[in-house]
Protein chains: 2
Amino acid sequence: MSDIRVLLVDDHPVVRAGLRAMLADFPGVTVVAEAEDGDAALLELGKLHTLGEPVDLVLMDLQMGAGMDGVTATQKIKAGEAGTPPPPVLILTTYDTDADILAAVEAGASGYMLKDAPPEQIRQAVLSAAAGQTALAPEVAARLMGRIRNPSPALSGREVQLLELLATGMSNRAMAKQLFISEATVKTHLVHIYSKLGVDNRTAAIAVATQRRIIRGR
Amino acid sequence: MSDIRVLLVDDHPVVRAGLRAMLADFPGVTVVAEAEDGDAALLELGKLHTLGEPVDLVLMDLQMGAGMDGVTATQKIKAGEAGTPPPPVLILTTYDTDADILAAVEAGASGYMLKDAPPEQIRQAVLSAAAGQTALAPEVAARLMGRIRNPSPALSGREVQLLELLATGMSNRAMAKQLFISEATVKTHLVHIYSKLGVDNRTAAIAVATQRRIIRGR
DNA sequence: CCGCTGATCATCCAAATGGTTGATTCAGGC
DNA sequence: GCCTGAATCAACCATTTGGATGATCAGCGG
């Protein structure tokens, strides 16, 4: 059986070098190309496709400096040229925000690993993902499990949405307009958010939500 | 002349592998040890010191998962065992927050590079730092220069301090207590902060300050 | 059909925050 | 010695937020 052909996508040369070195140590895995953002990744995919040298796995970071981010890139890859099935996408990133994970999974990623994972874990993930299976980092899996079993009062979708706007510094009025609801409703949502997060004002809510990775900082 | 002996400190195996691979390509540079956090780094330094195999340069990330962070590690290294001069510390990190940069420089770092820097830049920085010179990433240098020449109304130290507390979700009263000043003073500072950042409420101030890398998100 | 949850809105009141003005002190620079 | 900027505080008032209570409605599962 031939090697798993991998496309690396990361904007940090250092990280690409690390992955390249690491994957070189995994028997049965070959890095066939690299890209520094989503746009370049799509280009590479197309190029390799027309050359008849298909990619078996895309290993991609989520946030990439200037270019197209990982989520949209994943969507586009999955939407991709019909005809051949699109390659599985394994996300390898630094952040394990709830929002990020969900977005990546929804976009069609087959796995979500963290960069601080030990090589062996990464190896397993690469093999699983290339084989069409799902590969989640233990931390990520734990977070998702915890989210299901643990009644750490889950925020509703609307509430998370509110939080995100909140974090941009909008006033209640502004959020109300943006979401086409009344200020009263905004306040109700906020009160619920506060009680679920165990805080009593908006800045603390942002701090906690950021810390708990419900929304993302920066 | 013998090689520059480098100690790598980073909590991400992938990044360590990347740096190892990259430095291996630089003639005149040898990685003699690795550590995954500040504590381990200090241990390594001690060990190598007693072995009579001194380190010429510490290449370190700023934030490292569980262990001691880069700033305190830098301080300890610089305070280090008297007798031999402590090795220069080159910070190589992902974030270029004003606060981070200043903290690192104050702690005694001789350089501050970003992980997305091209290899050549990193090579230059390693050589400069090992030679006892200062090495700043262009982005970082630009930020510092801009901060000097550009009258993008600079926040005073006290104001940044306020902002940091603000971002943790504290109320005016709480901040006043914490800083041993009156609420009136807190409010005055906040008003100044708002006008300098061009916002009109605390959450927006946090959002802008985070965006402009005056304080750090997460 | 009933009960529950999430989303929506309203009203009322108390507390926190924001905006303005003005004043004092202190350290540094010219 | 004078000027400036940072830091400190006060008093006042308008606006925003937060907290409590109650109500309606749609959808989902038993």
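Structure: above.
My aim in this report is to walk through the structure given alongside it, one point at a time. (Residues numbered from 1 in each chain as written. Chains lettered and ligands numbered in written order. Predicted model: local features only at pLDDT ≥ 70, side-chain atom pairs only at ≥ 80, totals over all residues. Heavy atoms only, no water.)

## Digging into the environment of Glu-36 of chain B
Residues and elements named next belong to chain B. Our working rule: Secondary structure elements follow DSSP: runs of H or I of four or more residues count as helices, runs of E of two or more count as strands, with numbering from the N terminus. Summary of the burial criterion: residues with accessible area below 20% of their type's maximum are buried, those above 50% are exposed, and those between are partly exposed, where the area comes from a 1.4 Å probe applied to protein chains only.
Topologically, Glu-36 is positioned in the loop between strand S2 (29–35) and helix H2 (38–50). Glu-36 gets classed as partly exposed once you look at its relative accessible area, which sits at 48%. Measuring from C-alpha to C-alpha, the distance between Glu-36 and Pro-13 comes to 8.2 Å, with 23 residues separating the pair along the chain.

## Describing the interface of chain A and chain B
Rule in force here: Whether two residues are in contact is decided by their heavy atoms: any pair within 4.5 Å suffices. In protein, a polar contact requires one atom able to donate a hydrogen and another able to accept it; more generally it is a pair of N or O atoms within 3.5 Å, and residues adjacent in sequence count only if both atoms are side-chain atoms. Put simply, Ala, Val, Leu, Ile, Met, Phe, Trp, Tyr, Cys and Pro go in the nonpolar bin, Asp, Glu, Lys and Arg in the charged bin, and everything else, Gly too, in the polar bin.
The partner chain B presents 34 residues to the 34 residues of chain A that form the contact. At the surface where chain A touches chain B, the tally comes to two residue pairs in polar contact (both at pLDDT 80 or more). Those elements giving two or more residues to the side of chain A that touches chain B turn out to be helix H1 (13–24), helix H5 (119–130), helix H7 (157–167) and helix H10 (202–211) of chain A. At eight residues, the largest contribution of residues to the side of chain A that touches chain B is made by H1 of chain A. Considered class by class, the residues forming the side of chain A that touches chain B number 17 nonpolar, ten polar and seven charged.

## Things to note about the environment of Met-113 of chain A
All names here are of chain A. Note that Met-113 resides in strand S5 (residues 111–114). Between the C-alpha atoms of Met-113 and Ala-125, which are twelve residues apart in sequence, the distance is 7.6 Å. In this view, Met-113 contacts Leu-90, Ile-91, Leu-92, Thr-93, Gln-121, Ile-122, Ala-125, Leu-136 and Ala-137; residues no more than four positions away in its chain are not counted.

## Some points on the packing of H10 of chain A against helix H10 (residues 202–211) of chain B
Convention followed: Helix axes are fitted only over the stretch in contact, all axes being lines through C-alpha atoms; the angle between N-to-C directions runs from 0 to 180 degrees. Two helices cross in a left-handed way if the nearer one is turned anticlockwise from the farther one by less than a right angle. They cross in a right-handed way if the turn is clockwise.
One can describe the packing of H10 of chain A onto H10 of chain B by two numbers: an axis separation of 9 Å at closest approach and a directional angle of 35 degrees. In this structure, H10 of chain A meets H10 of chain B at a crossing whose hand is right-handed. Of the residues in H10 of chain B, those touching H10 of chain A at Arg-202, Thr-203 and Ile-206 of chain A are Arg-202, Thr-203 and Ile-206 of chain B. Along the lines of polarity and charge, the residues of the contact of H10 of chain A with H10 of chain B split into two nonpolar, two polar and two charged.

## Examining the protein's contact with DNA strand D
For clarity, the threshold we go by: Note on definitions. A residue lies near a molecule or strand when any single heavy atom of the residue is within 4 Å of it.
In the vicinity of DNA strand D lie 18 residues, with Lys-187 and Tyr-194 of chain A together with Ser-156, Ser-182 and His-189 of chain B positioned nearest. Each atom of DNA strand D within 4 Å of the protein belongs either to a base or to sugar and phosphate, the latter forming 70%. Between a phosphate oxygen of DNA strand D and a side-chain N or O atom of Tyr-194 of chain A, the distance comes to 2.7 Å. With respect to DNA strand D, the side chain of Ser-156 of chain B contributes an N or O atom lying 2.3 Å from a phosphate oxygen.

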